[in-house]
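Summary of structural features
The primary structure of each chain is shown beneath.
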Amino acid sequence: IAVALLAVAAGFVVRTFWQGQFWQCGLQAALMLAAVMLISECGLRQGLRKEGADKEGFYAAIAQTARERPIAWFGSSANEAVWYLDRPVARSLSNSGLRKAFFDVPGALLVVRSDAYAARPELQAAVHELQRLPYGKYTFILVKADPTEPLRPNLFEDPSETREEE
């Protein structure tokens, strides 16, 4: 609808230009430019508002499940988690860091990106899945350590292709 209205306005600008009313044409063009800027600003804000709502819902679900328990993060960047969760978040950049950041911390929960989780069957065997949380183009899995499962020695070995995505 906005594009159609702008096309009609452009027609009026062209018509006044051809009629030789240059001052009025300039005023109409300025108003049309303001309308284009306002429409694009509204579209941009709507996208940011939706992204912010998704982000807030994602972190609210983590906070609700975690309550006061420590949180560790694995498989992606945790930079904004500190702001939304309002607490320290231990980051494990590799399998070897999982012991210190998650398994050695009593009651800790781990947020892991689904592709990193799927690539590590040893991790899947050592935890109990609590919740799957979609966020953007990824799904994150909230897990807790399974005290009935002994930790496999190869759980803390890093594959050569493990990398942190920032």
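Residues numbered from 1 in each chain as written. Predicted model: local features only at pLDDT ≥ 70, side-chain atom pairs only at ≥ 80, totals over all residues. Heavy atoms only, no water.

On to the sheet that holds strand S3 (residues 109–113). Taken in spatial order, the five strands of this open sheet run S2-S1-S3-S5-S4, and their pairing is mixed. Lying at the two open borders of the sheet, with one neighbouring strand each, are strand S2 (89–92) and strand S4 (127–135). The sheet shows a mean angle of 25 degrees between the axes of neighbouring strands, direction not considered. (Pairing = 2+ DSSP bridges. Helix = DSSP H or I, 4+ residues; strand = E, 2+ residues; numbered from the N terminus. Axes fitted to C-alpha atoms, helices over the stretch in contact; angles between N-to-C directions.)

This part covers the confidence of the model for the protein chain. In the predicted model, the protein chain carries a mean pLDDT of 82, and 87% of its residues have values of at least 70. Looking at the elements of the protein chain, mean pLDDT is at its lowest for helix H2 (residues 22–66), recorded as 78, and at its highest for S3, recorded as 94. Ignoring residues within four places in sequence, the model shows residues 161–166, a span with pLDDT below 50, making 14 contacts including any to other chains. (pLDDT = per-residue confidence, 0-100. Contact = heavy atoms within 4.5 Å.)

Our focus in this paragraph is the environment of Gly-26. With respect to the helices and strands, Gly-26 occurs in helix H2. On the basis of relative accessible area, Gly-26 is assigned to the partly exposed category, the value being 41%. When the C-alpha atoms of Gly-26 and Val-13 are compared, they prove to be 8.0 Å apart, with 13 residues separating the residues in sequence. (Buried < 20%, exposed > 50% of the residue type's maximum accessible area, 1.4 Å probe, protein only.)

With that settled, consider the pairing of strand S5 (residues 138–145). In terms of strand pairing, S3 meets S5 through five bridges, oriented antiparallel. Along S5, the bridge assignment pairs Val-112 with Ile-141. Sheet topology note: the S4/S5 ladder contains eight bridges and is antiparallel. Directly across from Gln-131, in S5, lies its bridge partner Leu-142. Linking S4 to S5, which pair antiparallel, is a turn of two residues; within it Gly-136 sits at a positive phi near 65 degrees.

Attention shifts here to the pattern of salt bridges. When the charged atoms of two side chains lie near each other, side chains of opposite charge can form a pair. One pass over the structure, following the stated rule, counts three salt bridges. Here Glu-80 ties to Lys-55 by a salt bridge, and the two come within 3.3 Å at their closest N and O atoms. Of this pair, Glu-80 sits in the loop between strand S1 (71–74) and helix H3 (81–85) while Lys-55 sits in helix H2, and the two are 25 residues apart along the sequence. Residue class for Glu-80 comes out partly exposed when judged on its relative accessible area of 26%. A relative accessible area of 13% places Lys-55 in the buried class. Of the charged contacts, one joins Arg-113 and Asp-115 as a salt bridge, the two residues approaching to 2.8 Å between their closest N and O atoms. Judged by its relative accessible area of 7%, Arg-113 falls in the buried class. Under the relative-accessibility criterion, Asp-115 is labelled partly exposed at 39%. (Salt bridge = Lys/Arg side-chain N within 4 Å of Asp/Glu carboxyl O.)

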